[in-house]
Amino acid sequence: MTRAVGIEAMNVYGGMACLDVKELCLHRGLDMPRFENLLVQEKTVALPYEDPVTFAVNAARPLIDALAPEERARIEMVVTCTESGIDFGKSLSTYVHAHLDLPSNCRLFEIKQACYSGTAGLQMAVNFLLAQTSPGAKALVVATDISRFALADAGAVEEWAYSEPSSGAGAVAMLVSDTPHVLRIDAGAYGNHAFEVMDTCRPGPDTEAGDADLSLMAYLDCCEGAFRDYSRRVENADFRESFGQLCFHTPFGGMVKGAHRHLMRRLYKAPPKEIEADFQARLAASLAFGKRVGNTAGGSVFVALAGMLETVAIDAPMRVGLFSYGSGCCSEFYSGVVTPESGERLRAMRIPQALDRRHRLTIEEYEMLLRGESVVRFGTKDAELNHQIVPDAWPVDAAGDRLVLDAVVGYHRKYIWI
Amino acid sequence: MDSDRIAEIIIAEIRSTVPELEAQPITRADSMADLGVDSIERSEIILATLEAIGVKVPMVQLHGPRNIGELADLLHAKSKA
């Protein structure tokens, strides 16, 4: 029997501020029935003193704090997974490693493949453990992404009409080990589908470009292709029967709904009523956190897993199907087993309560942030951060356990705990 | 099946996917986006059309047409390939 490996502990961090997406759509004059199809209610907005490092560290810290010193000493790999890098050479993982005070005999690196990066990082860690080169080792995998739009002019607003309401920010930290209390990965059970396509990209440090139709088409092709590859490797795999719950990469809920409908039609010629009932039964729970933070890119499939674990009452071991898609493109369908303990451990992180504590930005505050005057741009050499840019967002109950960016000195980012 | 017949199928799928367009005249020159069909619905319509005409090609190969007529021409070409 294959050794048990997978996610020992997991946390989602949704930042310090959020925006009501319905309010944004009304403000932008977007078509409201179309808004309902997005299945997004709130989105996290990164404040100028929040960056992919602070998101990553704040997601991981509760997991690290919960470890005994001898367990922490076994963390031998830190992988950051992101499309929001802050340097072309130095990886975020070095800052994460430092601020979590992790052992020095650690392998640190970063993975980029758009929204697929988180799954690439998880699989890298899983295979490190399965290889048994360092029995008993643990790996910290953090998927961390923020989106920052610049509100340059009315043309830019129009261009972003479709992506602005759904683009969010967030990080998911996962401790990966041979005691997989949260998700035991089905080793060897996976399927990939990849091809070159220019659906969305980041051609410059502060620019994003994309084609909504092409991105959706690639996602649909990959969902089917990756599952077919999975079923080629896994005997008797059945999309409808093998998985109690499904967790998909979620750019917005509507896209997940479209992909599920596509698969159910292609594989089973299922009628609309049956498809809708299956979506409600096996996918709706996974949207619980995604609809509160928006698209979190590399972390999104794990935000879906966390939302499912938070919401579904698990009374016996259950197999979960996961689908990860990253533009450009690469995708993977894989699976794992969750137990009642998985839900208990995830709920102990009190993720909804942390999301409730975010400051709800007014449209005026949001647009002031969008102008980006206080944002530390890629390649900034020196900067001082204004922590009072949105006074109400600064926590009054600060307990010294949250990291924020304080300054940049000679390209080196300086952080403080508040 | 010729391109005009495929266009008729696309238009029928548009009407069934977006019921608000049931009574509206739709021609080969119209673009789905301009008719108010969103990106999820557009993919639904293309998938349903592929099923109806019995063509199996990756969705990304159907990206690019600017209106229903061009999409029908592309599907027609794919159906012969």
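As a reminder, the structure under discussion sits directly above these lines.
1. Re the pattern of salt bridges
Side chains that differ in charge, positive against negative, can pair when their charged atoms come close. Residues and elements named next belong to chain A. Applying the stated criterion across every chain yields a total of 30 salt bridges over all chains. Between Glu 164 and Arg 28 there is a salt bridge; the shortest N-O distance is 2.7 Å. With Glu 164 in the loop between α7 (154-159) and β7 (169-177) and Arg 28 in helix α1 (residues 21-28), this pair connects stretches of sequence that are 136 residues apart. This pair shows no difference in class: Glu 164 is buried, exactly as Arg 28 is. Glu 224 serves as the salt-bridge partner of Arg 228, at 2.9 Å between the closest nitrogen and oxygen. Residue Arg 228 and its partner Glu 224 are both found in helix α8 (residues 212-233); the two are separated by four residues, about one turn of the helix. Exposure remark for Arg 228: the relative accessible area of 41% places this residue in the partly exposed category.

2. Here we look at the pairing of strand β8 (residues 183-194) of chain A
All names here are of chain A. Two strands pair when backbone bridges link them, and strand β1 (residues 6-13) and β8 are joined in this way by two bridges, in the antiparallel orientation. Residue pairing across strands places Gly 6 opposite Arg 184, the latter belonging to β8. Bridging between β8 and strand β13 (residues 330-338) involves seven bridges; their strand directions are antiparallel. Considered in β13, the bridge of Ile 185 is made with Gly 336.

3. Brief notes about the interface of chain B and chain A
Taken together, the contact pairs 20 residues of chain B with 19 residues of chain A. Ranking the residues of chain B by area buried against chain A places B:Ile40, B:Val60 and B:His63 at the top, with a combined share of 32%. For the salt bridge of A:Arg265 with B:Glu44, the shortest nitrogen-to-oxygen distance reads 3.9 Å. Residues that form the side of chain B that touches chain A fall into these classes: eleven nonpolar, four polar and five charged.

4. Description of the nonpolar core
Burial of nonpolar side chains together is a common tendency in soluble globular proteins. Among the nonpolar cores identified, the biggest contains 66 residues, and A:Phe248, A:Phe323, A:Phe333, B:Ile10, B:Ile14 and B:Ile68 are the most heavily contacted of them. At eleven residues, α8(A) tops the list of elements feeding residues into this core. Counting 52 residues, the second-largest nonpolar core is a separate cluster that includes A:Tyr49, A:Ala59, A:Leu63 and A:Tyr415.

5. Details of helix α3 (residues 68-80) of chain B
Residue and element names in this part refer to chain B. The first and last C-alpha atoms of α3 sit 18 Å apart over 13 residues, in line with the 18 Å expected at 1.5 Å per residue. Along α3, the positions that sit buried rather than exposed are Ile 68, Gly 69, Leu 71, Ala 72 and Leu 75. Down the axis, α3 shows its buried residues gathered within 160 degrees of arc, on one side only. Structurally, α3 contributes buried residues whose contacts are with α1 (3-17) and α2 (39-53).

6. Focus: the sheet that holds strand β2 (residues 17-20) of chain A
Residues and elements named next belong to chain A. An order of β3-β2-β14 is seen for the three strands of this open sheet, with the pairing classed as mixed. In this open sheet, the two edge strands, each paired with only one partner strand, are β3 (42-44) and β14 (359-360). Bridging between β2 and β14 involves two bridges; their strand directions are parallel. Its bridge partner being in β14, Ala 17 is matched across the sheet by His 359. Along the sheet, α1 makes contact with β2 and β3, crossing β2 at roughly 55 degrees.

7. Some remarks on the sheet that holds strand β16 (residues 403-409) of chain A
All names here are of chain A. Here we have three strands laid out as an open sheet, ordered β15-β16-β17, and antiparallel in their pairing. Strands with a single pairing partner mark the edges of an open sheet, and in this sheet they are β15 (383-384) and β17 (412-417). Running over the sheet, helix α5 (residues 92-99) touches β16 and β17 and is turned about 35 degrees from β17.

8. Considering the packing of aromatic side chains
Residue and element names in this part refer to chain A. Applying the stated criterion to the full structure yields 15 aromatic pairs over all chains. Taken together, a centroid distance of 5.2 Å and an interplanar angle of 75 degrees make the contact between Tyr 49 and Trp 394 edge-to-face. Of this pair, Tyr 49 sits in the loop between β3 and α3 (52-65) while Trp 394 is found in the loop between β15 and β16, placing the two residues 345 residues apart along the sequence. Centroid distance Phe 88 to Phe 378: 4.8 Å. Interplanar angle 55 degrees. Geometry classified as tilted. Of this pair, Phe 88 sits in the loop between β4 (75-81) and α5 while Phe 378 sits in the loop between α15 (363-370) and β15, and the two are 290 residues apart along the sequence. On the accessibility criterion, Phe 88 (76% relative accessible area) is exposed. Within the aromatic cluster, the residues linked to one another by ring pairs are Phe 227, Tyr 230, Phe 239, Phe 243 and Phe 333.

Rules behind the numbers
- Once a new chain begins, its residue numbering starts again from 1 and follows that chain's sequence as written.
- The order in which chains are written sets their letters, starting at A; the order in which ligands are written sets their numbers, starting at 1.
- Only residues with pLDDT of at least 70 get local features here, since the model is predicted, and only at 80 or more are side-chain atom pairs given and counted; chain-wide, interface and lining totals rely on the full set of residues.
- Side-chain metrics rest on all non-hydrogen atoms present in the structure, leaving aside hydrogens and water.
- The salt bridge definition used is simple: a Lys or Arg side-chain nitrogen within 4 Å of an Asp or Glu carboxyl oxygen.
- Put simply, DSSP marks the helices as runs of H or I at least four residues long and the strands as runs of E at least two long, and each gets a number from the N terminus on.
- Burial classes: relative accessible area under 20% of the type maximum marks a residue as buried, over 50% as exposed, and values in between as partly exposed (1.4 Å probe, protein chains only).
- Pairing between strands is defined by DSSP: at least two bridges between the two strands are required.
- We call two residues in contact whenever any of their non-hydrogen atoms come within 4.5 Å of each other.
- In short, buried area is how much 1.4 Å probe accessible area vanishes from two parts on joining, totalled over both.
- When residues are grouped by polarity, Ala, Val, Leu, Ile, Met, Phe, Trp, Tyr, Cys and Pro land in nonpolar, Asp, Glu, Lys and Arg in charged, and all others, Gly among them, in polar.
- By convention a nonpolar core is built from buried Ala, Val, Leu, Ile, Met, Phe, Trp, Tyr and Cys residues, the set being connected through side-chain atoms within 4.5 Å.
- Multiplying 1.5 Å by the residue count of a helix minus one yields the expected span of that helix.
- Regarding the arc, it is the one traced by the directions from the helix axis to the C-beta atoms.
- Axes here mean lines fitted to C-alpha atoms, for a helix over just the part in contact, with angles spanning 0 to 180 degrees between N-to-C directions.
- Between 30 and 60 degrees the pair is tilted, below 30 it is stacked and above 60 it is edge-to-face, where a pair is any two Phe, Tyr or Trp rings, Trp via its six-membered ring, whose centres lie within 6.5 Å.

From the geometry alone we can't say anything about function, so treat these as descriptive.
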